[in-house]
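Analysis of the macromolecular model
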Amino acid sequence: MSERVRDGYVLSTDRDRVDTAAVHRWLSEESYWAAGRAFDVVARSIEGSTPYTISTDGRQVGFARVVTDAATFAWICDVFVDAGHRGRGLGVWLVDSIVEDCAAGGVLRLMLATRDAHEVYRRSGFGPLAGPQRFMELDRRPTRDAILAALPDV
């Protein structure tokens, strides 16, 4: 994918369109999952994945990235829409575009994690893990305890 246009917004995978400073601010200051993330870590994460941006009037207002082997698996992460542009379906548009692009490339297994946007991702076809007991993780993030403490009791 290169570019999609909708209602005055441009969604693109052009790496040159990424406003890394804006993405860093959103993730490190406004997200719960990347609070305090260093600028160089954000920059490296963008470099090591396929970034998706949404812009309007020359300003980036949305971001997501996908980490994938381009054959069997993809992880969607860092989905963020600027507060002034929420409620317009831009997050769903981002995720749907990633799902569509991955499927076009033959990647049929995608995952993501969320604390509170389950309904948003359900609109794109996501559901709970089948067989969560098979999955394991090693999470050494210094913010891990704060993130887990913010999760609702299941």
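The shown structure was predicted, so the numbers you read here are calculated from the model rather than taken from an experiment.

Right, let's get into the sheet that holds strand 5 (residues 74-81). If you trace the six strands from one edge of the open sheet to the other, you get 1-2-3-4-5-6, paired in mixed fashion. If you trace the sheet from one side to the other, it starts and ends with strand 1 (3-6) and strand 6 (110-111), each paired once. Relative to strand 2 (residues 9-12), strand 1 is paired through four bridges, and the arrangement is antiparallel. Within strand 2, the position partnered with arginine 4 by the bridge is leucine 11. Packed on one face of the sheet, helix 3 (residues 90-104) meets strand 1, strand 2, strand 3 (50-56), strand 4 (59-68), strand 5 and strand 6 and runs near 160° to strand 5.

Now for the nonpolar core. Counting residues in hydrophobic clusters, the biggest one holds 23 residues, and the most contacted among them are Ile54, Ile76, Leu94 and Ile98. Of all the secondary structure elements, the ones that give two or more residues to this core are strand 2, strand 3, strand 4, strand 5 and helix 3. With six residues, the top contributor of residues to this core is helix 3. With near-sequence residues (within four places) excluded, isoleucine 54 lies in contact with Tyr9, Val10, Leu11, Arg59, Gln60, Val61, Gly62, Leu90, Trp93 and Leu94. Counting residues in each nonpolar core, the second largest holds 10 residues, with Val23, Ala34, Val42 and Phe63 among its members.

The next point concerns helix 3. Spacing of three or four residues puts side chains on the same side of an α-helix, whose turn is 3.6 residues. Taking 1.5 Å of rise per residue, the 15 residues of helix 3 would be expected to cover 21 Å, and the 21 Å separating its terminal C-alpha atoms lies within 8% of that figure. At the exit of helix 3 stands glycine 106, carrying a positive phi of roughly 90°.

Another aspect to go through is the state of the cysteines. In total, this model carries zero disulfides according to the counting rule given. You can see cysteine 77 has no disulfide; the closest cysteine sulfur is in cysteine 102, sitting 11 Å from it. Residue class for cysteine 77 comes out buried when judged on its relative accessible area of 10%.

Criteria and thresholds
Counting of residues starts from 1 at the beginning of each chain's written sequence and follows it residue by residue. At least 70 in pLDDT is required for a residue's local features to be given in this predicted model, at least 80 for side-chain atom pairs to be given and counted, and no such filter applies to totals for whole chains, interfaces and linings, which use all residues. Excluding hydrogens and water, the side-chain values take into account all heavy atoms of the structure. Between any two strands, at least two bridges found by DSSP are needed for them to pair. Helix and strand assignments come from DSSP, with helices taken as H or I runs of at least 4 residues and strands as E runs of at least 2, each series counted from the N terminus. Residues count as neighbours in contact if any of their non-hydrogen atoms are within 4.5 Å of one another. Only the stretch in contact is used when a helix axis is fitted, and all axes are lines through C-alpha atoms; the angle between N-to-C directions ranges over 0 to 180 degrees. In plain words, nonpolar cores are sets of buried Ala, Val, Leu, Ile, Met, Phe, Trp, Tyr and Cys residues tied together by side-chain atoms within 4.5 Å. Partly exposed describes any residue whose relative accessible area lies between the buried limit of under 20% and the exposed limit of over 50%, with all areas from a 1.4 Å probe on protein chains only and scaled to the type maximum. A helix's residues, less one, multiplied by 1.5 Å, set its expected span. Criterion for a disulfide: a pair of cysteine sulfur atoms within 2.5 Å.

Limitation: the analysis is restricted to geometry and does not speak to function.
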